[in-house]
Every structure is written in C-alpha cells, then in structure tokens.
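Summary of structural features
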Amino acid sequence: MHSNNCELILDLATQVGQALQARGLLLATAESCTGGGVAQAITEIAGSTGWFDCGFITYSNASKTEMLDVSAALIAQLGSVSEEVAAAMATGALGNSNAHVALSTTGIAGPTGAVPGKPVGTICFGWAKGDQVHTERLVFTGDRQSVRTQTVIHALQGLLRFIA
C-alpha cells in the first residue's frame, strides 16, 4: 500500500468514526475479498471501541452461510460475488451483532478467479441500516493489493455517504 493510500484510509476511518459517534451508531463489517482490511483500518483509530462492534471475515461460502445467514441457495444461484450476496452479508452482520449499521465486501481481487461476466477486480459492496440496504458493483483495475486497497477505500467512502 502506498503511504498516500494509507493516509487516505486513516482519514476516511477517522471520518467514519466521527460520523458514527455523532449519530450514536455502532458498526459491524462483513468482509470477504478484503480479509478484514476495513476492520483493521477502523481499529487503527483510537476510541473506535465507542463505535465499532465487530468484524466478520467470511472468506468461504460456507462461512457466509454459517456466520451471516446468507442463503446457500442464493450463493449457488448468483455466486458469492453478487450485489444480492453483498446485501445479505451486510444484513446478516446486523442480525448477528449489536451493530446498527453494517458494510460488506465480496469480490475477485485476483490474479485468478475471474468468471464470465465477472472479471478480476469485480467487487460488490453492501451497506445496511435497519431495513435500508444499498449495494454497488464496481470493477477496479490493478494487482491484488491495489484492488483490495481500492475496495477498502470505497467501502469507507460508501459508508460515509450511506449514514450521512
């Protein structure tokens, strides 16, 4: 990770913390392709215990089902890299934590794993609060580390927009 990306991520995590704290909200994360990168960024911030509840790293499909209650049939039908699964991951993080708001990441960081219609760099995001769920699907370019870094940045930026 380039130092400017590290600084950007820390700045975003700080902003997320301030926004959550101002609203009295607790956050949970449900991460696949980022492997806990979002939770790591958040817990870099002193005082994050006041607004961060927990993080789920559900890398396998089975763990998505077991830990986040994502339907195995949904994964079988659409694949784990889909907006529907991202939505179910975020909702599942809410249902299995004390959090008020959750974000999720699932995607193909590469260099392998591409399937028709889902090239390397395809990432699906979910943000959930109460009955509200917002999802996005983006395709990032670059190597595995670059895709993961861009995913962490976008997940935090999206959360800021979602709770604003």
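Residues numbered from 1 in each chain as written. Predicted model: local features only at pLDDT ≥ 70, side-chain atom pairs only at ≥ 80, totals over all residues. Heavy atoms only, no water.

Quick notes on the side chain of lysine 118
- Residue placement: lysine 118 occurs in the loop between β3 (101-107) and β4 (122-129).
- Polar contacts involving the side chain of lysine 118 include one to the main-chain carbonyl oxygen of leucine 78, which spans 2.8 Å. (Helix = DSSP H or I, 4+ residues; strand = E, 2+ residues; numbered from the N terminus. Polar contact = N/O pair within 3.5 Å; in protein donor to acceptor, adjacent residues only side chain to side chain.)

Brief notes about the environment of glycine 121
- Of note, glycine 121 is situated in the loop between β3 and β4.
- Glycine 121 sits in the buried class, given a relative accessible area of 0%.
- A C-alpha to C-alpha distance of 5.0 Å links glycine 121 and valine 139, two positions 18 residues apart in sequence.
- Once residues lying within four places of it in the same chain are set aside, the contact partners of glycine 121 are Ile108, Leu138, Val139, Phe140 and Val147. (Buried < 20%, exposed > 50% of the residue type's maximum accessible area, 1.4 Å probe, protein only. Contact = heavy atoms within 4.5 Å.)

What about the nonpolar core?
- Counting 32 residues, the largest nonpolar core has Val16, Leu20, Leu27, Val101, Leu156, Leu159 and Ile163 as its most contacted members.
- Looking at this core, the elements that each hand over two or more residues are α1 (3-23), α2 (37-43), β3, β4 and α6 (144-163).
- The element that contributes the greatest number of residues to this core is α6, accounting for nine residues.
- Ignoring anything within four residues of it in the chain, the contact list for leucine 156 reads Ile9, Leu12, Ala13, Val16, Val38, Ala41 and Ile42.
- Membership of the second largest hydrophobic core comes to 16 residues, among which are Phe56, Ala93, Leu94 and Ala99. (Core = buried A, V, L, I, M, F, W, Y, C linked by side-chain atoms within 4.5 Å.)

Examining the packing of aromatic side chains
- All told, the structure shown has two aromatic pairs when counted by the stated rule.
- Pairing phenylalanine 125 with tryptophan 127 gives two aromatic rings, centres 5.6 Å apart and planes at 0 degrees, and the pair type is stacked.
- When its relative accessible area of 0% is taken as the criterion, phenylalanine 125 is described as buried.
- Taking the relative accessible area as the measure of exposure, tryptophan 127 reaches 1% and is therefore buried.
- When the centroid spacing of 6.4 Å and the interplanar angle of 90 degrees are considered together, the rings of phenylalanine 125 and phenylalanine 140 count as edge-to-face. Note that phenylalanine 125 is positioned in strand β4 and phenylalanine 140 in the loop between β5 (132-139) and α6, a separation of 15 residues in sequence. Residues phenylalanine 125 and phenylalanine 140 agree in their burial class; the two are buried.
- Joined through ring pairs, the aromatic side chains of Phe125, Trp127 and Phe140 make up one cluster. (Phe/Tyr/Trp six-rings, centres within 6.5 Å; stacked < 30°, edge-to-face > 60°.)

Considerations on the sheet that holds β3
- Read across the open sheet, the five strands follow the order β2-β1-β3-β4-β5; overall the sheet is mixed. With partners counted over all chains shown, the strands left at the sheet margins are β2 (52-57) and β5, one partner each. Across the sheet, the axes of successive neighbouring strands diverge by a mean angle of 10 degrees, strand direction being ignored.
- Judged from the eight bridges that link them, β4 and β5 form a sheet pairing that is antiparallel. Bridging from a neighbouring strand, alanine 128 pairs with valine 133 of β5. (Pairing = 2+ DSSP bridges. Axes fitted to C-alpha atoms, helices over the stretch in contact; angles between N-to-C directions.)

Just distances and angles here, no functional claims.
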